[in-house]
Structures are given as C-alpha cells and as structure tokens.
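# Coordinates in review
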Amino acid sequence: EMNNQQEKSQRKNAILVDGVILNGPVADSRSGEKFVEEVSKIIMEEVIKKAADATEKVCEWQPPEKLRTLLDLELKDTGESHPKLLQLCQDVIQFSVKTYHPRFFNQLYAGIDYYSLAARFITEALNPSVYTYEISPVFLLVEEAVLKKMIEYIGWEGGDGIFNPGGSVSNMYAMNLARYKYFPDIKERGLSGIPQLVLFTSEECHYSVKKAASFLGIGTQNVYFIKSDDRGKMIPEELEKQVQRARKEGSAPFFVSATAGTTVLGAFDPLNEIADICEKHNLWLHVDASWGGSALLSRKHRKLLHGIHRANSVAWNPHKMLMAGIQCCALLVKDSS
Ligand SMILES: *Cc1c(COP(=O)(O)O)cnc(C)c1O
C-alpha cells in the first residue's frame, strides 16, 4: 500500500496524456540519477572500451524483419521497469553499428576521438541551445572562436558563419545568399520578380547542389553540370563556355559551386581558375569543401585548396576528416555585412 506522500509524488511524476495518467517509471531524481549512472557504465563497457578491439564485431547484423522481433519497439501506454530499460539499452548497443571499430570503413568516419566524445557527453548533459547568450554563454563564445579559426584557415580578413544540420543545408544556404545578393527583391516578391537563374557545378559534385536548386525553386534544369577531367576536377574552360551559353540563352548565371573533395574521386576543383571566371562574370563562388575542407589544416595538403580565400562562401564539415561528432557542419561567408 502506498502512503499518501508516495502517491502524491507518483502522481506528480506521472505523465498526463489526453487526461489519462500514465503511471510509468517516471523517475524521481534519485532513481533517475541511478539509472543514468547504470547506462553510463554500459556505454563505457560496451561501446568505449570495446571501441579499439578488432576482435569484437563491427555489428551483430540482423535483417529488419528479424531485428524487429529481437527488439521490443512497441510504444505502450504503460511504462517499463528500470531493469527492462537497461536491457533495451544493451540491445540498442548490441545490434547497432560500432562506428568506432578499427575495421569500420565508411565515408564520414575515421575511428574514435575521445576528446570529441567527452565534449559531446558534456553538451548532451547540459542540453544547451545556442540561440542567446543568456541561455548558452559558454557555447556562444565557443561557436564564435571555432568559426573564427575556420575563417582564418580559409584566409579571409573577416567573415561569419553558422553551424548547420549538414553540408547539404550549407550548400542550400549559400545558394540562397547568393540569390539574395544579386536579386534582393526575391525576399518580398518571390520568384515572380526575378529572371531565370542558372548555376554551375561539376558533374562530380555532391547531389545536394541539385537538390538545393530544386528546394529553392530554381529548378534542376537550371543546374549546368560542367565536364570534369579524368581525375574528376572541373575543367575551367568548360565552365567559361557554359556561362557564355547561359548568357546567350537569355538566362541569368549567378552561382558556381566548386567542390573541394568530390564524393567519389576525392578530386579538388582548380579554385583559382574558377575564381578568375567568377570574377570576370560577376558570379558568386561557393566552395563545397564539406569533405576536403579539413585538408586546410595540413601543411602538406592545403595546396589542394589553393585559391579558397577567393570564395564568397565555403561549406566545411568538421565531422568528416576532423573527427568532430556528427553533425558538425559549418557554412562560412566572406561578407559578414
Ligand atoms: C558530405 C558531403 C556533403 C553533404 O554533407 P551532409 O552533411 O551529409 O549533408 C556535401 N558535399 C560534399 C562534397 C560532401 O562530401
């Protein structure tokens, strides 16, 4: 039998859905803390300590029909006990891909970075949002410092940036900024007020460039794919030809997305030559360095990005070669006004 006090505290902790009280194990702070501690131990043992062990499996692979039966994924009206929840946590880890495994090879991943992981534990625990200084004083300064450093690596005098949920979003924001710069009416009058826009990227570009053109109402037909050489780099003479073709057709070229580190071949477009063409035709130069941007930190390889300081905007994902946790993607812009 519950005494009055216990019942009160349980009612306080129960979840109210549509007027129905769900009496699950909505934890009071003491048992909640204990639960988090238990889960932390499981994470330490099953994820982190096993991360460097090549004799462990990368994943206990199961087809979806089987996995659905192995996991208890049904969302119920009643809660679950702590032992059951701990078991579920174990199951999640058991059947997931261990991205820190030394034999896990995939785009984006390069093993474990303990410091990046520790930092993420802190941000997850604090659950901040970087919208105002009031709510995130430290992280706001961290954001500022990191963006400033990235801008220094690009080689701009000033500039600004923002972290996004993906390089794809960075590419779309860049396209949107360029369009606004050349056709500020777009903001209030929408697409009806502007000529037919055309943008350029190489045939080896990331698919997000085409997607962004679709999302922004520019249209995928207005993405001109420039031929690449046999190493996958955009051929500048072909770009020049296509810009002239678009002009002859009566369209309005406005944007070039060069790629620094293409998805399939890892090619770096010749940025200086492309920048010359952009200057000549007054086009916004965006560099999609989502993958290859981190080569800027290498004394040996930064020459691959020679000319990047001439870009108007750069997409750069530190979660790729820099080992930051996913997602960590920045869009950087030269003009901060
Ligand atoms: C990874 C990548 C992207 C997209 O990044 P997401 O974070 O997956 O949206 C775009 N362009 C290039 C060249 C990339 O390597």
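All values reported here derive from a predicted model rather than from experimental measurement. (Residues numbered from 1 in each chain as written. Predicted model: local features only at pLDDT ≥ 70, side-chain atom pairs only at ≥ 80, totals over all residues. Heavy atoms only, no water.)

### Structural notes on the overall build of the protein
Note the cut-off: By the criteria applied, helices consist of DSSP H or I runs no shorter than four residues and strands consist of E runs no shorter than two, each listed in order from the N terminus. For the radius of gyration, the atoms used are the C-alpha atoms, and the globule rule reads 2.2 Å times the number of residues raised to 0.38. Relative accessible area decides the class of each residue, using a 1.4 Å probe on protein chains only: under 20% of the type maximum gives buried, over 50% gives exposed, and in between gives partly exposed. The contact definition used throughout considers only heavy atoms, calling two residues in contact when any of these lie within 4.5 Å.
For the protein, the count of helices and strands is 11 helices and 9 strands. Its C-alpha atoms give the protein a radius of gyration of 25 Å, more than 25% over the compact-globule value 20 Å for 337 residues. Once the C-alpha set of the protein is aligned to its principal axes, its extents read approximately 85 × 50 × 45 Å. Expressed as a percentage of the 337 residues in the protein, the buried residues total 37%. Within the protein, residue pairs in contact and separated by at least 24 positions form 67% of the contacts whose partners lie at least 6 positions apart.

### Structural notes on the site of the ligand
For clarity, the cut-off: In this text, near means that some heavy atom of the residue lies within 4 Å of the molecule or strand in question. Counting of polar contacts relies on pairs of N or O atoms within 3.5 Å, with two restrictions inside protein: one atom must be capable of donating a hydrogen and the other of accepting it, and residues adjacent in sequence are counted only when both atoms are side-chain atoms. Surface accessibility in these figures is a Shrake-Rupley result with a 1.4 Å probe; residues are shielded only by whichever protein chains are displayed. For this classification, the nonpolar set comprises Ala, Val, Leu, Ile, Met, Phe, Trp, Tyr, Cys and Pro, the charged set comprises Asp, Glu, Lys and Arg, and every other residue, Gly included, is treated as polar.
Taken together, 14 residues surround the ligand, and among them G167, S168, H206, D288 and K320 come closest. Contacts to the ligand include K320, whose side-chain N or O atom sits 2.8 Å from an oxygen atom. When the ligand is considered free in solution it has 380 Å² of accessible area, and contact with the protein chains removes 85% of it. Broken down by class, the residue content of the shell around the ligand amounts to 2 nonpolar, 10 polar and 2 charged.

### Concerning the environment of M323
Checked against the element boundaries, M323 lands in the loop between strand 8 (313–316) and strand 9 (329–333). With relative accessibility at 22%, the residue M323 sits in the partly exposed group. Considered as a pair, M323 and Y115 are 208 residues apart in the sequence and their alpha carbons are 9.7 Å apart.

### Description of the pattern of salt bridges
Rules: Each reported salt bridge corresponds to a side-chain nitrogen of Lys or Arg within 4 Å of a carboxyl oxygen of Asp or Glu.
In this structure the tally under the stated criterion is 17 salt bridges. Among the salt bridges present, the one from E152 reaches K148, with a minimum N-O distance of 3.8 Å. One end of the pair is E152 and the other is K148, both in helix 6 (residues 137–154) and 4 residues apart, which spans about a single turn. On the basis of relative accessibility, which here comes to 54%, the residue K148 falls in the exposed class. A salt bridge links K241 to E238, with the nearest nitrogen and oxygen atoms 3.2 Å apart. Within this pair, K241 and its partner E238 are both found in helix 10 (residues 236–248), separated by 3 residues, close to a single helical turn. K241 sits in the exposed class, given a relative accessible area of 51%. Among the charged side chains, a salt-bridge network with shared partners connects D72, K76, E80 and K84.

### Some remarks on the side chain of S251
Turning to its location among the elements, S251 is positioned in the loop between helix 10 and strand 6 (252–259). Beyond its immediate sequence surroundings of up to four residues, S251 is in contact with Q196, V198 and A246.

### Quick look at the pairing of strand 7 (residues 284–288)
Counted only if it meets this: For two strands to count as paired, DSSP must find a minimum of two bridges between them. The path from the first strand over the helix to the second decides the hand: if it runs clockwise while the strands point away from the viewer, the crossover is right-handed.
In terms of burial, strand 7 is a largely internal element, 5 of the 5 residues being buried. Burial along strand 7 is two-sided: W284, H286 and D288 facing one way and L285 and V287 facing the other are all buried. Sheet topology note: the strand 6/strand 7 ladder contains 5 bridges and is parallel. Note on strand 7: the bridge partner recorded for A258 is V287. This β-α-β element, strand 6 to helix 11 (residues 271–281) to strand 7, shows right-handed connectivity.

### A short note on the UniProt feature "modified residue: N6-(pyridoxal phosphate)lysine" (unreviewed entry) in the protein
The following threshold applies: UniProt positions are given in the numbering used here, feature names are shortened, and annotations may be inferred rather than shown by experiment.
Taking the UniProt record as the reference, the feature "modified residue: N6-(pyridoxal phosphate)lysine" (unreviewed entry) is found at K320. Assignment of secondary structure puts K320 in the loop between strand 8 and strand 9. Each residue touching K320, except ones within four places of it in the same chain, is listed here: L108, S290 and W291.

### Some thoughts on a nonpolar patch on the surface
Stated formally: Candidate patch residues must exceed 30% relative accessible area and have no salt bridge, after which like charges are joined if within 9 Å and Val, Leu, Ile, Met, Phe, Trp or Tyr side chains if within 5 Å.
Taken together, the side chains of V138, V142 and V146 define a hydrophobic patch exposed on the protein surface, amounting to about 230 Å² of accessible area. Tracing the sequence through the fold places V138 in helix 6.

### Describing the sheet that holds strand 3 (residues 160–164)
Definition in use: To obtain an axis, a line is fitted to C-alpha atoms, over the contacting stretch when the element is a helix, and the angle between two such axes runs from 0 to 180 degrees between their N-to-C directions.
Strand order in this open sheet of 7 strands is 3-9-8-7-6-4-5, and the pairing throughout is mixed. A strand with exactly one partner marks an edge of an open sheet, and here the two such strands are strand 3 and strand 5 (223–226). Pairwise comparison of adjacent strand axes, ignoring direction, gives a mean angle of 20 degrees for this sheet. Relative to strand 5, strand 4 (residues 197–202) runs parallel, the two sharing 4 bridges. Residue pairing for strand 5: L199 is matched across the bridge by V223.

### Here we look at the side chain of D288
Test applied: Positive residues here are Lys and Arg, negative ones are Asp and Glu, while His and the chain termini are left out of the count.
With respect to the helices, strands and loops of the structure, D288 is situated in strand 7. Look at D288: it is buried, it has no salt bridge, and the nearest opposite charge is K320 at 6.6 Å. Only 2.7 Å separates the side chain of D288 from the side chain of S290, close enough to count as a polar contact. With sequence-adjacent residues up to four places away left out, D288 is seen in contact with N171, H206, S257, A258, T259, A260 and A315.

### Brief notes about the state of the cysteines
Short version of the rule: For the purposes of this analysis, a disulfide is any pair of cysteine sulfur atoms at a distance within 2.5 Å.
Considering all chains together, one arrives at 0 disulfides under this definition. You can see C59 has no disulfide; the closest cysteine sulfur is in C89, sitting 17 Å from it. When its relative accessible area of 17% is taken as the criterion, C59 is described as buried. C278 takes part in no disulfide bond, and the closest cysteine sulfur, belonging to C205, lies 15 Å away.

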